[in-house]
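# Understanding the architecture of this molecule
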Amino acid sequence: MTEARVSTRRHYLMCEPRYFAVEYAINPWMDPTQPVNAEVAVKEWTELADTYRRWGHRVDFVEPVPGLPDMVFAANSGTVVGGRVLGARFRAPQRAPEADHYRRWFVDHGFRDVFMPTRTNEAEGDFTWTGEVLLAGTGFRTDPAAHAEAQEILGVPVVSLQLVDPRYYHLDTALCVLSPGHVAYYPEAFSPGSQQVLRHLFPDAIIATQADAECFALNAVSDGRNVVLPLEATHLADRLIADGYEPTFLDIAELRKAGGGPKCCTLEIRNQVDNSV
Ligand code: ARG
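These numbers were taken from a predicted model, which means no experiment stands behind them.

## Notes on the overall build of the chain
When its secondary structure is counted, the chain shows 7 helices and 15 strands. Taken against the 2.2 N^0.38 rule, which gives 19 Å for 277 residues, the C-alpha radius of gyration of the chain at 17 Å falls within 12% of a compact globule. Counting only C-alpha atoms, the chain reaches 50 × 40 × 40 Å along its principal axes. Here the chain holds 277 residues, and 47% of them are scored as buried. For the chain, the share of sequence-separated contacts (at least 6 apart) that also reach a separation of at least 24 residues comes to 66%.

Structural data, given as C-alpha cells:
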C-alpha cells in the first residue's frame, strides 16, 4: 500500500528573471560563451509560479534588479523557519548585492526577526528543513561555521552534510524534502560520512540515480503531495508516483544554463516551525 500523501498550503517568494544572463561562471553549469535568452527564462519561471498558484499556494515577488542576473534564484537569499529569517551572505562577489534586496523585502513585509549571517551562507541553496531538523550543506558555498550560526539564530537542530561533487555545489541540487521526514537524494554527491548520516536519518529515502541528478531532478519542490521537477526527470518521477506523489514537469532548459532549477527559484517562507516540510 502506498501512503496517502497530503499537501499543505505553502508560501513562496520568487523573483522574475527579467535580467537573467550568464555573464560569469561560478559553477560548472555556467558557460558565459553560450547564448542565453532572458525571455525564455521568464516563460519557464512564469510556468513555475503559475503551477504553485494552481496548487493553491501563496506566491510573493521580489522586484528584480538590473545587473544581478542570478537574482532569480531566490532560494539562495533566505532561510525562514518559524517566521525567523536568516538572510544570505554570498561567496561570489557578483552575487553579494542580492542579499540586501531580499533582506529589505522581509523587513518591508513585516518580518521582525530578520538576521544577516556573518559567515558565507547561501540560504536554502544549502539549508533544507525536513520538518524536524535543518539539513545543511557545505563544501562549495556555505561555510560550515554558518551551520552553527543558523542553529543559534533559528533555534532548530542543524545537521551538517559534506558535498563533494562540484556539479552539485548546493545541497538543493543533491537532496530534496518530499514530505516531513521523507527525502530523495543522490548519495554520490555526499562524502562517505554524510552518506552514512543520511542513511541513518532517512532509511526509507528515495535514492536518486546519476541520470536523475544530472537533469536536476533533485532540485524539485514538493508541497507534500505535488512535486514540480524538470521535464527530463522521468526516472525519479516514476519513483515518486510509486510512493504516492504527483509529479508535474517543467521545462527549465534556460534556467539550467545558470545551474538552477525549480527549487533554486523558490524560497519557502515557513511561519510556524511545524507547519510544513
Ligand atoms: N548561478 C547561480 C550560482 O551559481 C545558481 C544558483 C542556483 N541556486 C540553487 N539554489 N542551487 O550561485
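## Observations regarding unusual backbone geometry
For residues that are not glycine, phi is negative in most cases, and the peptide bond is trans in most cases. Even without a glycine there, the phi angle at Ala123 is positive, about 50°. C-beta crowding within 10 Å serves as the criterion here: with 30 such atoms nearby, Ala123 is assigned to the buried category. A positive phi is found at Phe216, a non-glycine position, where the angle reads about 70°. Here Phe216 is to be found in the loop between α5 (210-214) and β12 (221-222). The class of Phe216 is buried, set by 26 C-beta atoms lying within 10 Å.

## Let's talk about the pairing of strand β2 (residues 58-62)
Strand direction decides the pairing type here: strand β1 (residues 11-15) and β2, joined by 5 bridges, are parallel. Residue pairing for β2: His11 is matched across the bridge by Arg58. For the crossover that starts at β1, traverses helix α1 (residues 38-54) and ends in the parallel β2, the hand is right-handed.

## Focus on the UniProt feature "active site" (unreviewed entry) in the chain
Annotation from UniProt places "active site" (unreviewed entry) at His170 and Cys264. The greatest C-alpha distance among the residues just named is 9.5 Å, despite their covering 95 residues of sequence, which places them together in space. Assignment of secondary structure puts His170 in the loop between β8 (158-162) and β9 (175-179). The class for His170 is buried, based on 30 C-beta atoms found within 10 Å.

## Concerning the nonpolar core
Judged by nonpolar contacts, the single largest core of 75 residues is most densely connected at Ala74, Leu163, Ala174, Tyr185, Ala217, Leu218 and Cys265. The residues contacting Ala217, other than those within four sequence positions of it, are Ala208, Asp212, Leu229, Pro230, Ala233 and Leu236.

## Some remarks on helix α6 (residues 234-242)
Along α6, the positions that sit buried rather than exposed are Leu236, Ala237 and Leu240. With its buried residues spanning 105° around the axis, α6 presents them on a single face. Looking at α6, the residues exposed on the side facing more than 90 degrees away from the buried face are Asp238 and Ala242. Packed against the buried residues of α6 are β10 (182-185), α5, β13 (226-230) and β14 (246-250).

## Side note on the sheet that holds strand β6 (residues 127-129)
Taken in spatial order, the 3 strands of this open sheet run β6-β7-β8, and their pairing is mixed. Each of the sheet's edge strands pairs with one partner strand only, and the pair in question is β6 and β8. Shown here is a sheet whose adjacent strand axes are inclined to one another by a mean of 25°, direction ignored. Relative to β8, strand β7 (residues 134-138) runs parallel, the two sharing 5 bridges. By the bridge assignment, Leu135 is partnered in β8 with Val159.

## Notes on helix α3 (residues 144-154)
Of all the residues in α3, the buried ones are Ala146, His147, Ala150 and Leu154. The buried residues of α3 occupy an angular sector of 110° when projected down its axis, which confines them to one face. Structurally, α3 contributes buried residues whose contacts are with β3 (79-81), β4 (84-86), β6, β7 and β8. Phi turns positive, to about 70°, at Gly155, one or two residues after α3.

What counts as what
Residues numbered from 1 in each chain as written. Predicted model: local features only at pLDDT ≥ 70, side-chain atom pairs only at ≥ 80, totals over all residues. Helix = DSSP H or I, 4+ residues; strand = E, 2+ residues; numbered from the N terminus. Rg over C-alpha atoms; globule rule 2.2 N^0.38 Å. Buried ≥ 20, exposed ≤ 12 C-beta atoms within 10 Å, placed from the backbone. Contact = placed C-beta atoms within 7 Å. Pairing = 2+ DSSP bridges. Right-handed = clockwise from strand over helix to strand, strands pointing away. UniProt positions renumbered as here; feature names shortened; annotations may be inferred. Core = buried A, V, L, I, M, F, W, Y, C linked by C-beta atoms within 7 Å. Arc of directions from axis to C-beta. Axes fitted to C-alpha atoms, helices over the stretch in contact; angles between N-to-C directions.

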